[in-house]
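# Structural characterization, general
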Amino acid sequence: MWYLCVFYHRLLDYRKPEVESLADLFGAFDDKRSPGLPSHSRALQWRLPQHHHPDSPFHFVDLPSEDIAKNVANRSILVKGIYELWGEGSNYEELEEAIKSYPDDRKLPYLGSESTFKITVDTFGKVMSHQEHNERIRGFSYIPFKGRVNLKNPDINFWLMETDDSATNNGLPPVAQRRIFFGREVGGADRKLIPTYQLKSRNYLGPTAMDAEMAFLMANQAQAAPGKLVYDPFVGTGSILVSAARFGAMTMGADIDIRVVRDGRGPDCNVWSNFKQYGLPMPIGLLRADNNLPPWRPGLKEVFDAIICDPPYGVRAGGRKSGGRKLLKGVVGPYTVPDDKRADHIPSTAPYSLAECVHDLLDLAARMLVMGGRLVFFYPVSREDDSSEDHFPEHPCFEFVASSEQILSSRYSRVLLTMVKTSPYTEELALAARIKHLEFKENHAKWLEEGNNLHSSVFSPAEVVESGDSKESKDSKPKYRGKYV
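A few points on the structure.

Criteria and cut-off values
Residues numbered from 1 in each chain as written. Predicted model: local features only at pLDDT ≥ 70, side-chain atom pairs only at ≥ 80, totals over all residues. Heavy atoms only, no water. Salt bridge = Lys/Arg side-chain N within 4 Å of Asp/Glu carboxyl O. Helix = DSSP H or I, 4+ residues; strand = E, 2+ residues; numbered from the N terminus. Buried < 20%, exposed > 50% of the residue type's maximum accessible area, 1.4 Å probe, protein only. Contact = heavy atoms within 4.5 Å. Pairing = 2+ DSSP bridges. Axes fitted to C-alpha atoms, helices over the stretch in contact; angles between N-to-C directions.

Time to look at the pattern of salt bridges. Taken as a whole and assessed by the stated rule, the structure comprises 19 salt bridges. For Lys-421, the salt bridge identified is with Glu-302, shortest N-O distance 3.7 Å. One end of the pair, Lys-421, is in strand β17 (residues 412-421); the other, Glu-302, is in the loop between β11 (285-288) and β12 (304-309), and 119 residues separate them in sequence. Taking the relative accessible area as the measure of exposure, Lys-421 reaches 2% and is therefore buried. Here the salt bridges share partners, and the residues they tie into one network are Glu-66, Glu-84, Arg-106 and Arg-184.

Next up, the structure:
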């Protein structure tokens, strides 16, 4: 059945992938709808309302049942609501005609005297006064409501949504003609999660802590759920694992800095205290481990249901691996830490390139993820190179499911990659992965030789040009800001 899906107008590249992942999690892709295809290879059907831009918050989506639509909407971070559409039109006369022609057997169960209801008026691209709201609501006298009005906790919530046309330049996606929608709410996102888990109220924070909204999106992409085990090999202060635990998953993390995972800033300010702060289940383990030298015993495979992480790519923090410069260069040999110094010993580390880090991450995921498990991680790309998507890291055990872009600066962005394990790990596939890594490493080295430096490009001041006595930005603000809002 087709539903009206209304998104929050933010992180536009992430909206559909989140819904697709949650629909898969809640069983939208069964064999009856797409026989012969694995669930990760299937996609929902989408279409736009008339005269709407692809970046519009209004989309129609085909979902197999109302239960799935409700579960997706209630779990999502970016879905404002999913609605059973009773009618739409470019004016209120067309809307009335559409609502009257909607089948009675679909309307009457929600108009009875035994249920309470409420009509909510919402707009996009315009503002209405309270008087206009009331006038719009009184205009629905042709709908035979028999129940009582309950504005605080109604059984059924009807929504009237009205868009503005493109005559006003407000920086929003252009709409050639006004559109009005009326429907019954099936479900909606719980945005209270965002202020509850926002970083500024977090007990223990570090410079690379993941924003709460983005952490929840990553957990949704990874399909974190009760009974699943989620691993973060760059756990830091645990922001990503907190979001996975909020959705009921068991969690486990590792970091190369023992001071982060063991000590924090004291007994009441550490990774564990972040979980305690929100009343979440504690991680089953936090390890001091090196992504370059994983601690797993030989032969151990397919343990984790999902791996979610934000690898160090040199913007807020650079990557480190065990060994130290002198050890890696052969100046000194391997050493054994004396027993009396093990408790307080901090191993020496050396720089860890992004190319090597990503290769090790993919190898770890290929070994340790269950079949169908998901790897979700950020990867930086150049906005000036149209072929940058061709240089995404690959592995023969995985297939790409989604990639969603977030701007870091005028030159660079980071892409959230979602990959699904489709083949079991074998030595033959490991060899093929090493060959792909050499090609990827060569392209990455050329990219660095061309003067690309993520940290300086992200944090350098914007380019300006002189114009008389004043300075103006080279790029004037566009009429429509596009998907990067």
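In terms of burial, helix α8 (residues 239-246) is a largely internal element, 7 of the 8 residues being buried. Among all positions in α8, only Ser-239, Ile-240, Leu-241, Val-242, Ser-243, Ala-244 and Ala-245 are buried. Packed against the buried residues of α8 are α7 (212-221), β9 (229-232), β10 (250-255), α10 (271-277) and β12. Of the residues trailing α8, Gly-248 is marked for its positive phi of about 95°.

Time to look at the sheet that holds strand β3 (residues 58-62). Taken in spatial order, the 8 strands make up an open sheet running β2-β3-β1-β4-β8-β7-β5-β6, and their pairing is mixed. Here the strands that pair on one side only, and so sit at the sheet edges, are β2 (46-47) and β6 (148-149). Of the strands in this sheet, β4 (79-89), β7 (156-163) and β8 (180-187) touch helix α3 (residues 92-101), which is tilted by about 90° from β4.

Read across the open sheet, the 7 strands follow the order β11-β10-β9-β12-β15-β17-β16; overall the sheet is mixed. Each end of this open sheet is capped by a strand with a single partner; those strands are β11 and β16 (398-407). Pairs of neighbouring strands in the sheet enclose a mean axial angle of 20°, with direction left out of account. In the sheet, β9 pairs with β10 via 4 bridges, with the strands oriented parallel. By the bridge assignment for β10, Asp-232 is matched with Gly-253. Across the sheet, α7 touches β12, β15 (369-382), β16 and β17, and the angle it forms with β15 is around 140°.

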